[in-house]
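Observations on the three-dimensional arrangement
If you want the building blocks of each chain, they are given just below.
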Amino acid sequence: QVQLVESGGGLVRPGGSLRLSCAASGSIFGVYGMGWYRQAPGKQRELVATITSGGSTYYTDSVKGRFTISRDNAKNTVYLQMNTLKPDDTAVYYCLGTVVSSAHTDPYDYWGQGTQVTVSS
């Protein structure tokens, strides 16, 4: 079985920074794209940023210039560095990994359990 475990969420003041991490573990043969999504109360889950296995990145407009996604392929881990945080960034952040494993020999999407990020003074 494959698990994605996030860490790094918390409470931060506007203008502050947080770094989220998400590590994939289990019987993994390969990890393709990885990404971060978020869901604020009463809103739909939205894409924040993605990164391919080759390092190509995508950001939603609202976080461009403030957030940076990166990954360590050797550790099957994706990171999200969040700077200049705003109250509108408050949400539960979820990581997504497209993984080939012993359970799914075709690429399969796995989700983490989510980590709360709260931006408030």
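Check the entry above for the structure.
Criteria and thresholds
In this numbering scheme, every chain counts its residues from 1 along its sequence in written order. Totals for whole chains, interfaces and linings use all residues, but because this is a predicted model, local features are given only for residues with pLDDT of at least 70 and pairs of side-chain atoms are given and counted only at 80 or more. Hydrogens and water molecules were not included; the side-chain quantities draw on all heavy atoms of the structure. Strands are treated as partners if at least two bridges between them are detected by DSSP. Counting from the N terminus, the helices are DSSP H or I runs at least four residues long and the strands are E runs at least two residues long. Here an axis means a line fitted to C-alpha atoms, over the contact stretch when the element is a helix, while the angle between two N-to-C directions is reported on a 0 to 180 degree scale. The aromatic pairing rule takes the rings of Phe, Tyr and Trp, using the six-membered ring of Trp, and pairs them if the centres are within 6.5 Å, calling planes under 30 degrees apart stacked, those over 60 edge-to-face and the rest tilted. Working definition: with a 1.4 Å probe on protein chains only, accessible area under 20% of the residue-type maximum means buried, over 50% means exposed, and in between means partly exposed. We count a charge as sitting over a ring when the NZ of a lysine or the CZ of an arginine lies within 6 Å of the ring centre and within 35 degrees of the ring normal. Among buried residues, those of type Ala, Val, Leu, Ile, Met, Phe, Trp, Tyr and Cys that are joined through side-chain atoms within 4.5 Å constitute a nonpolar core. When checking whether two residues touch, look at their non-hydrogen atoms; a contact exists if any pair is within 4.5 Å. Polar contact is defined as a pair of N or O atoms within 3.5 Å, subject to the rule that within protein one atom must be able to donate a hydrogen and the other to accept it, and that residues adjacent in sequence are counted only when both atoms are side-chain atoms.

In this section: the sheet that holds strand β1 (residues 2-7). Read across the sheet, four strands follow the order β1-β3-β8-β7 without closing on themselves; strand pairing throughout is antiparallel. The sheet terminates laterally at β1 and β7 (67-72), the two strands that pair on one side only. Each strand axis lies, on average, 15° off the axis of its neighbour in the sheet, ignoring direction.

Right, let's talk about the packing of aromatic side chains for a bit. Summed over the entire model, instances satisfying the criterion amount to two aromatic pairs. Judged by centre distance (4.9 Å) and plane angle (65°), the rings of Tyr-108 and Tyr-110 are edge-to-face. Looking at Tyr-108, the relative accessible area reads 37%, which means it is partly exposed. Judged by relative accessible area, which is 7%, Tyr-110 ranks as buried. One Lys or Arg, Arg-19, reaches over the ring of Tyr-79 and ends 4.1 Å from the middle of that ring.

Another aspect to go through is the nonpolar core. Residues Trp-36, Leu-80, Met-82 and Tyr-93 are the most contacted members of the largest nonpolar core, which totals 30 residues. Listing elements by their share of this core, those giving two or more residues are β1, β3 (18-26), β4 (28-39), β5 (46-51), β7, β8 (77-82), β9 (91-101) and β11 (115-119). If sequence neighbours within four positions are ignored, Leu-80 has contacts with Leu-18, Arg-19, Leu-20, Trp-36, Val-48, Ala-49, Phe-67, Thr-68, Ile-69 and Tyr-93.

Here Leu-85 lies in the loop between β8 and β9. Judged by relative accessible area, Leu-85 falls into the buried class, the value being 2%. Residues Leu-85 and Leu-18, spaced 67 residues apart in sequence, show a C-alpha to C-alpha distance of 8.2 Å. Excluding its chain neighbours within four sequence positions, the residues that come into contact with Leu-85 are Val-12, Pro-14, Gly-15, Gly-16, Ser-17, Leu-18, Arg-66, Phe-67 and Val-119.

Here we take up the environment of Thr-115. One can find Thr-115 in strand β11. Looking at Thr-115, the relative accessible area reads 12%, which means it is buried. Along the sequence, Thr-115 and Ala-91 sit 24 residues apart, while their C-alpha atoms lie 8.4 Å from each other. Sequence-distant contacts of Thr-115, that is, excluding residues within four places in its chain, are made with Glu-6, Gly-9, Leu-20, Ala-91, Val-92 and Tyr-93. Side-chain polar atoms of Thr-115 contact the backbone nitrogen of Gly-9, separated by 3.3 Å.

Geometry only, nothing functional implied.
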